[in-house]
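Per-entry structural report
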Amino acid sequence: MNRRRFLLRAAVSALGLALGLAGYSRFVETRRVRFEERTIAIPGLPRHLEGYTIGVLSDLHVGPTTPAEWVRQVAEQLANRQPDLVVAVGDFIGSHKHVREANWCLEPVKGALAVLGNWDYYDGQIRRALTNVTLLENRGVLVADGLWIGGVDEPRLGRPDVNRALAGAPPDAVRILLCHEPDYADILVRPEHQVALVISGHSHGGQVCLPLIGPIFLPEGGSKYHTGLYQARHCQVYTTRGVGTAHLPIRFYCPPEVTLLRLTPP
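Residues numbered from 1 in each chain as written. Predicted model: local features only at pLDDT ≥ 70, side-chain atom pairs only at ≥ 80, totals over all residues. Heavy atoms only, no water.

**Focus: the overall build of the chain**
Looking only at helices and strands, the chain features 6 helices and 14 strands. The globule rule puts the C-alpha radius of gyration for 266 residues at 18 Å, and the 20 Å found for the chain is close to it. Seen along its three principal axes, the alpha-carbon backbone of the chain occupies a region of about 80 × 40 × 35 Å. With 266 residues in all, the chain has 55% of them scored as buried. Separation of charge centres in the chain, based on 28 positive and 25 negative side chains, amounts to 9 Å. (Helix = DSSP H or I, 4+ residues; strand = E, 2+ residues; numbered from the N terminus. Rg over C-alpha atoms; globule rule 2.2 N^0.38 Å. Buried < 20%, exposed > 50% of the residue type's maximum accessible area, 1.4 Å probe, protein only. Lys, Arg positive; Asp, Glu negative; His and termini not counted. Charge placed at Lys NZ, Arg CZ, Asp CG, Glu CD.)

Below, the structure is given as structure tokens:
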């Protein structure tokens, strides 16, 4: 084989590999959702709440890059697992034209507790359109004896207020906070809030990760606590990789995630 033919074959092979990886990232991994089951130790968790399971949806981005029909199927799969509670931590839409579709996708988990994400803030209809979830904008609810779920407004674009989100919580209740952008846990949560866990999304896990290197891009507000469970300054933080994609409809080494958080005493 002469040098020219060798280089031509190498170029064709490299192009084929690149196209194969692009196709996999676009059409395979974006739909290969993982149901991650994580056990989280919660100090002071009442004995009757041991094993209490919270299903987490985030970053649906229903729109041009994430089809509504597929998101609906994911929500149905979560509902079939029968968690004790479902929460949704923002970025329901990928386009203002898909607000009603996003609400339709959430029908299988009707009654889920939710907060808005930064993408949601660009559409004034969404608060009225999301009838299948209960928005917790700087307020909270007692979901079980001894368990309070609070939600804060979108940190960068709204006016988050943890004090209001926890107002009314029984003194001895475990407090869990929903906040779209995980890095704000260090800014918003103080020791007196006694928050055990913040549940977030926003980062998408980076969408594109390289082995041994990790995410090649992370958004503002989701770069420090970008994937999985962390110990922040005054609470634990769990960040899900989310369901959909934004900007570019690709994922690599970072599959979509729906999370089942199982609470347990330390």
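**Here's the deal with the side chain of R72**
Here R72 lies in helix α2 (residues 68-80). On the basis of relative accessible area, R72 is assigned to the buried category, the value being 15%. With near-sequence residues (within four places) excluded, R72 lies in contact with W104, C105, E107 and P108. (Contact = heavy atoms within 4.5 Å.)

**Side note on α2**
Along its 13 residues, α2 runs 18 Å from first to last C-alpha, staying within 8% of the 18 Å computed at 1.5 Å per residue. Residues of α2 that are buried: A68, W70, V71, R72, V74, A75 and L78. Residues of α2 that are buried in the fold lie against β1 (34-41), β2 (53-57), β3 (85-88), α3 (99-105) and β14 (257-264). Where α2 ends, the next residue or the one after it, Q82, has phi of about 50°, a positive value. (Expected span 1.5 Å × (residues − 1).)

**Considerations on the sheet that holds strand β9 (residues 195-200)**
Reading across from one edge, β6-β7-β8-β9-β13-β12 is the order of the 6 strands in this open sheet, with mixed pairing throughout. Because the sheet does not close on itself, it has two edges, and the strands there are β6 (139-144) and β12 (228-231). Looking at each pair of strands side by side, their axes are set apart by 20° on average, direction ignored. Direction of pairing for strand β8 (residues 174-178) relative to β9: parallel, over a ladder of 4 bridges. The residue of β9 that forms the bridge with R175 is V195. (Pairing = 2+ DSSP bridges. Axes fitted to C-alpha atoms, helices over the stretch in contact; angles between N-to-C directions.)

**Considering the side chain of H204**
Position of H204 relative to the elements: it lies in the loop between β9 and β10 (209-210). Engagement of the side chain of H204 in a polar contact is seen with the side chain of Q207, the distance being 2.8 Å. Discounting chain neighbours no more than four positions away, the residues touching H204 are D59, H61, R241, G244, T245, A246, R251 and C254. (Polar contact = N/O pair within 3.5 Å; in protein donor to acceptor, adjacent residues only side chain to side chain.)

**Some details on the state of the cysteines**
Taken as a whole and judged by the stated rule, the model has 0 disulfides. With no disulfide partner, C209 has as its closest neighbouring cysteine sulfur the one in C254, 4.1 Å distant. Classification of C209 by relative accessible area gives buried; the value is 8%. (Disulfide = S-S within 2.5 Å.)

**Focus on the pairing of β9**
Strand residues, when the strand is regular, have side chains that alternate between the two faces of the sheet. Counting buried residues in β9 gives 6 out of 6 residues, a clear majority hidden from the surface. Both β9 and strand β13 (residues 236-239) contribute to a ladder of 4 bridges, which runs parallel. Directly across from I199, in β13, lies its bridge partner Y238.

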